[in-house]
There are 2 protein chains.
Amino acid sequence: MKEAKGQKYKSSDSGYNAWLSYPVLPHGSLYDQYVKWCGTVKVTEENETIQAALQEWRQGIESMLDIKVSSESEGLCIAIGTFQGGNAVIRSVFAEDTIAKVGSEGFAIRTRAEAGCIAIGGSTPAGVLHGVFHLLRLIGSLSPIEQLDEVVNPVNGLRMINHWDNVDGSVERGYAGRSFFYENNRIVDDLERIRDYARLMSSAGINAISINNVNVHEWETLFISPAYLPDVSRIAGVFRVYGIRLFLSVNFAGPMHEGELETADPLDPGVRQWWKNKAAEIYEAIPDFGGFVVKADSENRPGPFTYGRDHADGANMLAEALESFGGIVIWRCFVYNCKQDWRDRKTDRARAAYDHFKPLDGKFNDNVILQIKNGPMDFQVREPVSPLFGALERTNQVIEFQIAQEYTGQQRHVCYLVPQWKEVMEFNTHAKGETSLVKHIVDGSLWGNRYSGIAAVSNVGNNKNWTGHLLAQANLYGFGRLAWNPDLSAEEIASEWISLTFGTDPVVSGTISRILLDSWNIYESYTAPLGVGWMINPEHHYGPNVDGYEYSQWGTYHYADHQGIGVDRTVQTGTGYSAQYIGSNAEHYDSLEDCPDELLLFFHHVPYTHVLHSGKTVIQHIYDAHFEGAERAAELLTMWSGLKERLTEDLYVQVEDRLQEQAGHAKEWRDQINSYFYRKSGIEDINMRSIY
Amino acid sequence: MKEAKGQKYKSSDSGYNAWLSYPVLPHGSLYDQYVKWCGTVKVTEENETIQAALQEWRQGIESMLDIKVSSESEGLCIAIGTFQGGNAVIRSVFAEDTIAKVGSEGFAIRTRAEAGCIAIGGSTPAGVLHGVFHLLRLIGSLSPIEQLDEVVNPVNGLRMINHWDNVDGSVERGYAGRSFFYENNRIVDDLERIRDYARLMSSAGINAISINNVNVHEWETLFISPAYLPDVSRIAGVFRVYGIRLFLSVNFAGPMHEGELETADPLDPGVRQWWKNKAAEIYEAIPDFGGFVVKADSENRPGPFTYGRDHADGANMLAEALESFGGIVIWRCFVYNCKQDWRDRKTDRARAAYDHFKPLDGKFNDNVILQIKNGPMDFQVREPVSPLFGALERTNQVIEFQIAQEYTGQQRHVCYLVPQWKEVMEFNTHAKGETSLVKHIVDGSLWGNRYSGIAAVSNVGNNKNWTGHLLAQANLYGFGRLAWNPDLSAEEIASEWISLTFGTDPVVSGTISRILLDSWNIYESYTAPLGVGWMINPEHHYGPNVDGYEYSQWGTYHYADHQGIGVDRTVQTGTGYSAQYIGSNAEHYDSLEDCPDELLLFFHHVPYTHVLHSGKTVIQHIYDAHFEGAERAAELLTMWSGLKERLTEDLYVQVEDRLQEQAGHAKEWRDQINSYFYRKSGIEDINMRSIY
């Protein structure tokens, strides 16, 4: 059902194929170039990953170019294989010094007219697969391929997706349907969708996936037992083909639940032995098992605190059990008092991760990685970078983002998060010399860590298009790409994703790119202002509710009264959180004058009449941002409607529906937030627009 | 396991036996009197209701007096039977003119020393049963029985409990566990608990129970089909023994769901015939079936509006189907726009019931009863009486209360609601002459209605003690007693309930009575102030949340800003709701000067500095009421603790637990409400107490 001419998307798959849709390419000189080179492929290895790469190549090329790929014919060809795999073409094309530069997941790619081929070589099959995805991506985004000569390695070691899927089929903070891993407390029989998911993840650059919720409930505790291990192993087998290692979230109290021990004390010899035995059992079933993800002593999960031990005791015990198998422990730093009294203004949840983990720097085994959320609170649309980045000099660490749009519109609003993640990654911590960017902490280069990388909470489910909102696929793709190479810009990533998903029509590309790149700013502007966060409905976290968390136990307050708003986190009069930053960061945040507008209310309690750097008062900023934000949200819909004739109806309509909802809901945000502050402050909008 | 001496409650049943616990009575002259008369009982009728009365008599007397009841021995006795039942003693004791005064559910009771008996006679077995419960109640509350001579008839015809139980076992707005009627989408097999429930209800005076939620979901729609009717009939059989008629809530769209018709249009001949056939089918299974309860065109339920018909069309169609079988239609007036825009201050949910139903007065068949909630909103701790009372001159009507404490502490806080109900019942509508009390509309006497009465939403579930909070049993008991006789005072009812439940220890009685009688006022004082209502968490409705419904679709707003608060429902500047009342009621409510303090914010929007009749400003009233309310809530616990040695541990502890929770939660209410208004108004508490 292809349409051979033009840019039109192929027959509708409702978005299922995502950025591996391989839309038909337009005829022209590049098309001719592709046809010239790509019709023949040479592969000599039987390895299943290499075979998957071959299959992907066939599928991509046949779809984009509408030709048949042959492995027999003579003439120009694509050669695919490992350097050691016995493919003579590969060996002839790459010099030893090139080969030496290719890491275990990287690849070299070279157009060699003399040899009549474009060769993709890797030191491992996974590297080769990444190379094939790379060339398909180049073609899909209309890049020339006749002068290729590069070595590409991923910048980050760990490039991980965390699923918060429960074995009952529900997904915590899932906005795209139910889990496709589980159904009725079992792992699904049919792994086809999981295989397609692995393809998508691998093509974006992901190499690690934890498949169950960090809140490990009763049944999931048994994932590392014979009751579930054989099925977990089936999934690991699918992942393995695509160069992805499987991780499991484990229950720190597992020895008591499954093992029937009377304690889970990490210093108890029986407990330590239990975990060692457990590790052996797991690696027997899954030889390349990645390791454990652990949420301990957080939001009512069990942990070492129960036994008077610290997080290092807990993590190291697990690390010891995994070490000899090459496994790692990913220990989350999302630890805070979740039963705070809202009357207490001294306790500051933002301080918690630093206060808990900074003192433990250097105490963790070197196969432990601390997983640190990007901000000190919890994935708000705007918060500062976690001060733990820069504070831990002798500890492996990964940054944790949330692809799932829990607080950013829940995949009903469009919110392209790559610009936010980029901002975080480019943040200068001043931890070691003048320039110490988060991305260089995360990639391990600043402190020379054994392990490091980047993780994020998945946004997928069993909705046909994976992510509910079709445009939310850009976040999933973008996360993988950014993890692979943090130097890619948000614009480049958006552009790639659009071409690969919708084809190369420049009108489509221009429009969707603008929608994506504006969307974070738009969402921020009609929701919680100036970094204050949390003005959402409790529990489900969708929709405005200014006081939703104001009198709660969750440590997430704005302290708005008739005079002003904001949380005083300064050293002199506040919680002292600003001092967790280094040097000029600490000074700027602490200073009412220097604090950036967008974080003002995160660090300072100010009167509504306080004048921002923008020249507006806080209250006028609130009004303006909300009026403008809602207007701009409506414009997104208008922009999209310009694509009606350029997209398949199905894709067009599904996004239109969401943008319609967003436009309406943005007005609700606007009116509730504005009315709340107008009623509270009594200060009129200088433009006298409707506030209720 | 009885304790023969003293007032101590019998071995713990956790409250299961409730006011039919029959605590052992103290020795003394009254005890001797009871023993003298009550040891022998004379019954000649085999009728199952008479036999149930006999069984109740034995159980009550043997438990309270610790004696054996004989039906053989000579000497003084109790004679029980219908006037026509062939019991010679009964016939000899009651004169014809006495018998003539006894209605179908009433009884005559007379101590006749010459005949050596106390006779209880009724014109029906149900009347006899009520008489036996009456005498047991007199004994249980230590009243003399040697001069009895009275005829007692219930004041209200319909004395009804509405269950909001779903067949999946859940209970909408249930706070005492799950349903004891249903489990796993079936009616339970074992009817023992339902039998005990029927005993309790009958003893309190109830004669009608609807067993399923007014929101009739998929499965419950089939209650009137062969799939469920045989089981429904089993329950009706149990109810029948205790003089209770079974009602069902029906789905107005039933003909489409069950009958597979294409419409539920009430004027469609096919639909009308369907309901007629349905009625015949039901009465075949349940000859004394009570009728239908209907929630139509309300909160997304189907109804006649779908077909451009009005409520009279809808109700009359059903009434016609039931008429020949003696069945009635109870049609709820809880109809309003539940998708209101909070920005719209013209629409007023309080007006809705009157606006919908006043124009239909006189248009309903005379086996239709309109069921009207006590207030215009929804069972708030304080709201005015519904102006529909007095507005409908030619329409049968019942008042609807809510025994379930949805908005009054959810059976975690103690809130004895009888005083509230009394206030409503004594309200003078001025509808017909100077004195036109709600209770005389409700009992049918004011307008001479064919049907009338009083209904309430049940507060029971499968918790051992039926109502979750043991003290919430007083509401269930009190509702029944008030329905039977609205002239009973809240104090009398409390006193009866305490004696029957805990025994006659005056310390126990005094303490619990004070707790009950203060509780409504206490609850009101620390929750939403001055009649404004609704400052609760959305959906589940437990706990404070001042803005919880402020920006919602539910029509329940307070409009608080930095200057003032309240809903303007006056004629000149507001929604005009006040004009739905008659004469001086309309004038008083409409007037800022005359409006009673406790309803001020229901009718007027006023500045926080407005001075109440109490002499306090509104804001100071809010502060004072909340500080005092929380203090008084804590005192309830102190009072209760004085009973520690006087109650069984189990009963003591279960109430203590709830009072502890209440004391803590009242502080949360206090602090959230006070902080909200302090932050918003900026006005200090004149006593400078802690506000956050």
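Rules used in this analysis
In this numbering scheme, every chain counts its residues from 1 along its sequence in written order. The lettering of chains begins at A and the numbering of ligands begins at 1, in the order of writing. Local features in this predicted model are restricted to residues of pLDDT 70 or higher, and side-chain atom pairs are both shown and tallied only at a pLDDT of 80 or more, whereas totals for entire chains, interfaces and linings draw on every residue. To obtain the side-chain values, all non-hydrogen atoms of the structure were included, while hydrogens and water were left out. The copies were overlaid by least squares, fitting only the C-alpha atoms of residues that reach a pLDDT of 70 or more in each copy. In this description, contact between two residues means that some pair of their heavy atoms is separated by no more than 4.5 Å. Whether two strands pair comes down to DSSP finding at least two bridges between them. Strands here mean DSSP runs of E at least two residues long; helices mean DSSP runs of H or I at least four residues long; both are numbered from the N terminus. Whenever a helix is involved, its axis is fitted only over the stretch in contact; in every case the axis is a line through C-alpha atoms, and angles between N-to-C directions fall within 0 to 180 degrees. Summed over both partners, the accessible area (1.4 Å probe) lost when two parts come together is defined as the buried area. Throughout this description, the term salt bridge denotes a Lys or Arg side-chain nitrogen within 4 Å of a carboxyl oxygen of Asp or Glu. Any N or O atom pair separated by 3.5 Å or less is treated as a polar contact, with the protein-specific requirement of one donor-capable and one acceptor-capable atom, and with residues adjacent in sequence counted only for side-chain atom pairs. Gly counts as polar in this scheme, as do all residues outside two lists: the nonpolar Ala, Val, Leu, Ile, Met, Phe, Trp, Tyr, Cys and Pro, and the charged Asp, Glu, Lys and Arg. UniProt positions are given in the numbering used here, feature names are shortened, and annotations may be inferred rather than shown by experiment. Here the term buried applies to any residue with accessible area under 20% of the maximum for its type, exposed to any over 50%, and partly exposed to those in between, with areas from a 1.4 Å probe on protein chains only.

Caption draft 1: View of the relation of the copies chain B and chain A. For the match of chain B to chain A, the screw axis carries a shift of 0.0 Å, the RMSD comes to 0.0 Å, and the turn is 180°. These values place the two chain copies in the arrangement generated by a two-fold rotation axis. It is K680(B) whose C-alpha, among those of chain B, lies nearest the rotation axis, at 2.7 Å. Most of the interface of chain B is mirrored in chain A, where 100% of its interface residues are also at the interface.

Caption draft 2: Region of the structure containing the sheet that holds strand β13 (residues 368-373) of chain A. All names here are of chain A. As summarised here, the arrangement of the 8 strands in space is β6-β9-β10-β11-β12-β13-β14-β15, forming a closed barrel in which the pairing is parallel. Taking the axes of each pair of neighbouring strands and ignoring which way they run, one obtains an average angle of 25° across the sheet. As paired strands, strand β10 (residues 245-249) and strand β11 (residues 291-294) are joined by 3 bridges and run parallel to one another. Pairing of L248 across the sheet is with F292, part of β11.

Caption draft 3: Broad picture of the interface of chain B and chain A. Listed by partner, the interface residues are 22 residues for chain B and 22 residues for chain A. In total, chain B and chain A occlude about 2,100 Å² of area from one another, counting both sides; carbon and sulfur atoms represent 49% of this. Interface area lost by chain B to chain A is led by R343(B), Y551(B) and R679(B), which between them contribute 36%. Applying the counting criterion to the chain B and chain A interface returns 6 salt bridges. Along the contact surface separating chain B from chain A lie 12 residue pairs in polar contact (both at pLDDT 80 or more). Of the residues that constitute the side of chain B that touches chain A, the class distribution is 7 nonpolar, 5 polar and 10 charged.

Caption draft 4: Geometry of the UniProt feature "active site" (unreviewed entry) in chain A. Residue and element names in this part refer to chain A. The sites that UniProt annotates as "active site" (unreviewed entry) are E299, D378 and E406. Residue D378 is classed as buried on the basis of its relative accessible area, which comes to 7%. Discounting residues that sit within four places of it in the chain, D378 has contacts with F334, R349, K373, E383, Y407 and W534. Separated by 2.6 Å, the side chains of D378 and K373 make a polar contact. Tracing the sequence through the fold places E406 in the loop between β14 (397-402) and α12 (418-425). Beyond its immediate chain neighbours, meaning those up to four positions away, E406 contacts W164, R173, Y175 and H541.

Caption draft 5: Structural context of the side chain of E400(B). Residues and elements named next belong to chain B. Tracing the backbone through its elements, the reader meets E400 in strand β14 (residues 397-402). Residue classification places E400 among the buried residues on the basis of a relative accessible area of 0%. Engagement of the side chain of E400 in a polar contact is seen with the side chain of R332, the distance being 2.8 Å. In contact with E400, not counting residues within four places along its chain, are W164, R332, Q371, I372, K373, N374, F379, A455 and V457.

Caption draft 6: Representation of the sheet that holds strand β2 (residues 77-82) of chain A. All names here are of chain A. Pairing is mixed in the open sheet, where 5 strands are placed in the order β1-β2-β4-β3-β5. Two strands in the sheet have a free side with no partner beyond their single neighbour: β1 (41-43) and β5 (149-152). Taking each pair of neighbouring strands and ignoring which way they run, the sheet shows an average axis angle of 15°. Here β2 pairs with strand β4 (residues 117-122) via 6 bridges, running parallel. Within β4, the position partnered with C77 by the bridge is C117.

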